[in-house]
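Here's the letter readout for the chains.
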Amino acid sequence: MPDIGAPLLEAADLCTYYGTSQALFDVSIKVPSRGGVAILGRNGAGKTTLLKTLSGDLKPARGSIRFDNVEATRLRTEQRVRKGIGYVPQEHGVFAKLTVRENLLVGAMATADGEEGIEEVLALFPKLGERMAQQAGTLSGGERKMLAISRALLAHPYLLMLDEPTEGVWHGVVDEIAERLHQLAQKIAVVIVEQHLKLALGVSQYCYVMDRGRIALCGESNTIRDDPELVRLLAP
Ligand SMILES: Nc1ncnc2c1ncn2[C@@H]1O[C@H](COP(=O)(O)OP(=O)(O)O)[C@@H](O)[C@H]1O
Ligand SMILES: [Mg+2]
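These notes cover the structure that comes with them. Per-chain numbering applies: the sequence of each chain, read as written, is numbered from 1 onward. Each chain gets a letter, beginning with A, and each ligand a number, beginning with 1, in the order they are written. Local features in this predicted model are restricted to residues of pLDDT 70 or higher, and side-chain atom pairs are both shown and tallied only at a pLDDT of 80 or more, whereas totals for entire chains, interfaces and linings draw on every residue.

1. Observations regarding the overall build of the chain
Next up, step 1: Under the scheme used here, helices are H or I runs from DSSP no shorter than 4 residues and strands are E runs no shorter than 2 residues, and both carry numbers assigned from the N terminus. When helices and strands are counted, the chain shows 10 helices and 10 strands.
Next up, step 2: Against the 2.2 N^0.38 benchmark of 18 Å for 236 residues, the chain shows a C-alpha radius of gyration of 17 Å, consistent with a compact globule.
Next up, step 3: Its C-alpha atoms give the chain principal-axis dimensions of about 45 × 35 × 35 Å.
Next up, step 4: Throughout, a residue-residue contact means that the two C-beta atoms, derived from backbone geometry, are no farther apart than 7 Å. Taking contacts inside the chain between residues at least 6 apart in sequence as the whole, the part at least 24 apart equals 66%. We compute the radius of gyration over the C-alpha atoms and compare it with the globule rule, which gives 2.2 Å times the number of residues raised to the power 0.38.

What follows is the structure, given as C-alpha cells:
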C-alpha cells in the first residue's frame, strides 16, 4: 500500500458477502485527508461493493474500517454521514419524483446551515440553479449526477466517495464534473470509482485496481498510469 502518512480512512482486510457468495477478499485501502484516490477495475471487480461496505450499506463479515481515528466498522450509514463520510451511489442518487429544490432541501435537512448550504452547491453547479422546479427524474444524466453530488456535499463531508460519477453523462459535461471533483479534492478527500481512465488518473494521486474482489495493484496514479499490468487488469 502507498505510504500516505496518517490516513483519514483506513480499511483493513475487508471481506464482504452477498449471501454465501464472497465479493470482497481481504481488501485494504488507505485514503489521505486530502486529494483523490481512484478505484479502478473491470465490471464485476467489486468496486461498488467496496464503496457500499465503506458507506455502511453493506456489512463486512470480517475486517475493519477506521475513519478520522475512530473505529467505524459497526456504525450505521447515517452515523457515518454525520462523521463526515459522503457517498454518491452509482444508481438512485436522487429522488426522481421530487424537484431539484426538494432534493436539495432533503439533503440540507441534516445540517444546521439549511438553505445557505444550497447557495454554496449551486455556485459549484450553476446549471442546477436553472432547474430548481424541475422533477429530478426528468434531468439529463449529467444534471442528475450534479444533483446527487450536491446532495452529498450538503452534509459537509470530509470524505466524498463517488461511484461512477460520469456514467451516462454526455461527454460535453464530463469535463465540467471532472473539474469540480478536481476542485473538491483540493479541500477534502475524494474517492472515485470511474470507468473513464484518463479522468480517474487525472483527479487522483493514488489508485487501487481491483480484480475479482481483491486489490490487484496499487500505488501513485502517475506510476500506475504506465504500468502494463493496468491494461491487463482493465481488459474486458
Ligand atoms: N446484490 C447482489 N447480489 C449478489 N451478488 C452481487 C450483488 N451485487 C453485486 N454482486 C456481485 O459481486 C461482484 C462485484 O460486483 P460489484 O461490486 O457491483 O462490481 P463493480 O462495481 O466493480 O462492477 C460481482 O460478481 C457481482 O455479480
Ligand atoms: Mg459498480
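2. Points about the site of ligand 1
Next up, step 1: By definition, a residue lies near a molecule or strand when the C-beta atom built from its backbone is within 6 Å of it. Close contacts around ligand 1 come from Tyr18, Ser21, Ala23, Gly41, Asn43, Gly44, Ala45, Gly46, Lys47, Thr48 and Thr49, and that covers them all.
Next up, step 2: For the shell around ligand 1, the secondary-structure elements that each account for two or more residues are strand 2 (21-31) and helix 1 (47-55).
Next up, step 3: Ranked by the residues each element gives to the shell around ligand 1, the list is headed by helix 1, at three residues.
Next up, step 4: Looking at the shell around ligand 1, its residues break down into three nonpolar, seven polar and one charged. As a working rule, the residues Ala, Val, Leu, Ile, Met, Phe, Trp, Tyr, Cys and Pro are called nonpolar, Asp, Glu, Lys and Arg charged, and the rest polar, with Gly in that last group.

3. Points about helix 4 (residues 115-124)
Next up, step 1: Exposure classification rests on a simple neighbour count of other C-beta atoms within 10 Å of a residue's own: a residue reaching 20 or more is buried, one at 12 or fewer is exposed, and one in between is partly exposed. C-beta atoms are placed from the backbone. Taken as a whole, helix 4 has its buried residues at Gly117, Ile118 and Val121. Burial along helix 4 is one-sided: seen end-on, the buried residues are contained in an arc of 105 degrees. Residues of helix 4 that are exposed and point more than 90 degrees away from the buried face comprise Glu115, Glu116, Glu119 and Ala123. Regarding the arc, it is the one traced by the directions from the helix axis to the C-beta atoms.

4. A closer look at the sheet that holds strand 4 (residues 62-67)
Strand pairing in a sheet relies on backbone hydrogen bonds. The paired strands run either parallel or antiparallel.
Next up, step 1: Here four strands make up an open sheet; going across it, the order is 2-1-4-5 and the pairing antiparallel. Taken across any chain shown, the strands that pair with only one partner, and hence form the sheet edges, are strand 2 and strand 5 (70-71).
Next up, step 2: Strand pairing follows a simple DSSP-based rule, namely that at least 2 bridges must link the two strands. Pairing between strand 1 (residues 9-18) and strand 2: seven bridges, direction antiparallel. Paired with Leu9 across the two strands is Val31, which belongs to strand 2.

5. Considerations on the environment of Gly41
Next up, step 1: For Gly41, the position within the fold is in the loop between strand 3 (35-40) and helix 1.
Next up, step 2: Gly41 gets classed as buried once you count the C-beta atoms within 10 Å, which come to 23.
Next up, step 3: Sequence separation between Gly41 and Tyr18 is 23 residues; the distance between their C-alpha atoms is 19 Å.
Next up, step 4: Excluding anything up to four places from it in sequence, Gly41 contacts Gly46, Lys47, Val209, Met210, Asp211 and Leu233.

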